[in-house]
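# Breakdown of the fold
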Amino acid sequence: SVILWSVGNENPDTQERFDFMAGLVSLCRELDPTRLTTAACLVNVDTMQVCDRLAEAVDVVSFNEYYGWYYRDVEPLAQILDRTQIDKPLLISETGAGAQAGLHGEAEALFTEEHQAFVYQKQLEITDGRLQGFFPWILYDFRTPIRLNAVQKGYNRKGLIAEDRMTRKLAFDVIRRYYEGKSQ
């Protein structure tokens, strides 16, 4: 299902990019006035806030973040949310951590299911009630030629479900419990 039209993902903020992406936003609105527009806007890591001219053009401001994964500390996510001042809905368009299904260990150990679950749990605690959306990256592990280490073996392992499309990782239940709590 299409819920938003996204016109960009992690593009450098240049005038050419702004003009092109703003044109895409206009085209989206012309072709489909029933859906909102968004783009993965940039975070200024010096000021720790979403700071992107494209936010002016879209209906919903989104950003990608991997605090707890690429950046081991999850707390800077709270700084971004505290410091970002926008008058539009805000969502996280990509977030998560990698885990090999069946690899268990300490919550601090990379690629364990426990670490992936821990990252999601902490992120949900920080973002709860402060966002209008939160999109895990991604549902299923998938093949990619750039992930050729001993754990990934040619897969992006950030899926909540393993590449067999059946084996749910611990993080799947973290997300499930969170949304079940929202429906009550």
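Reference entry: report on the structure contained in this document.

Each value, and the rule that gives it
Here the residue numbers are simple positions, counted from 1 along each chain's written sequence. Restriction of local features to residues with pLDDT of at least 70 applies here, the model being predicted, together with a cutoff of 80 or more for giving and counting side-chain atom pairs; totals for whole chains, interfaces and linings are based on all residues. Side-chain descriptors were evaluated using all non-hydrogen atoms of the structure, hydrogens and water having been removed beforehand. Two strands make a pair as long as DSSP finds a minimum of two bridges between them. Strands here mean DSSP runs of E at least two residues long; helices mean DSSP runs of H or I at least four residues long; both are numbered from the N terminus. Axes, fitted as lines to C-alpha atoms, cover a helix only where it is in contact. Angles between the N-to-C directions of the axes lie from 0 to 180 degrees. Accessibility here uses a 1.4 Å probe with only protein chains present; expressed as a share of the type maximum, an area under 20% marks a residue as buried, one over 50% as exposed, and anything in between as partly exposed. Polar contacts, as counted here, are pairs of nitrogen or oxygen atoms within 3.5 Å of one another; within protein the pair requires one atom able to donate a hydrogen and one able to accept it, and residues that are adjacent in sequence qualify only if both atoms are side-chain atoms. Two residues form a contact once any of their heavy atoms are found within 4.5 Å. To estimate how far a helix should reach, multiply one less than its number of residues by 1.5 Å.

Attention now goes to the sheet that holds strand E2 (residues 36-41). Adjacent strands of a sheet pair through backbone hydrogen bonds, lying either parallel or antiparallel. Taken together, the 5 strands give an open sheet; going across it, the order is E1-E2-E5-E6-E7, and neighbouring strands pair in parallel fashion. Each edge of the open sheet is held by one strand with a lone partner, namely strand E1 (4-9) and strand E7 (133-136). The sheet shows a mean angle of 25° between the axes of neighbouring strands, taken without regard to direction. With 4 bridges joining them, strand E5 (residues 60-64) and strand E6 (residues 90-95) adopt parallel strand pairing. Bridge pairing links Val61 to Leu90 in E6.

On to the side chain of Asn64. Of note, Asn64 is situated in strand E5. Residue class for Asn64 comes out buried when judged on its relative accessible area of 13%. A polar atom in the side chain of Asn64 sits 2.5 Å from the side chain of Ser93. With near-sequence residues (within four places) excluded, Asn64 lies in contact with Asn9, Glu10, Ala40, Ser93 and Glu94.

Below, the discussion takes up helix H4 (residues 170-182). With 13 residues, H4 should reach 18 Å at 1.5 Å per residue; the first-to-last C-alpha distance of 19 Å fits that figure. Those residues of H4 that are buried are in contact with helix H3 (113-127) and E7.

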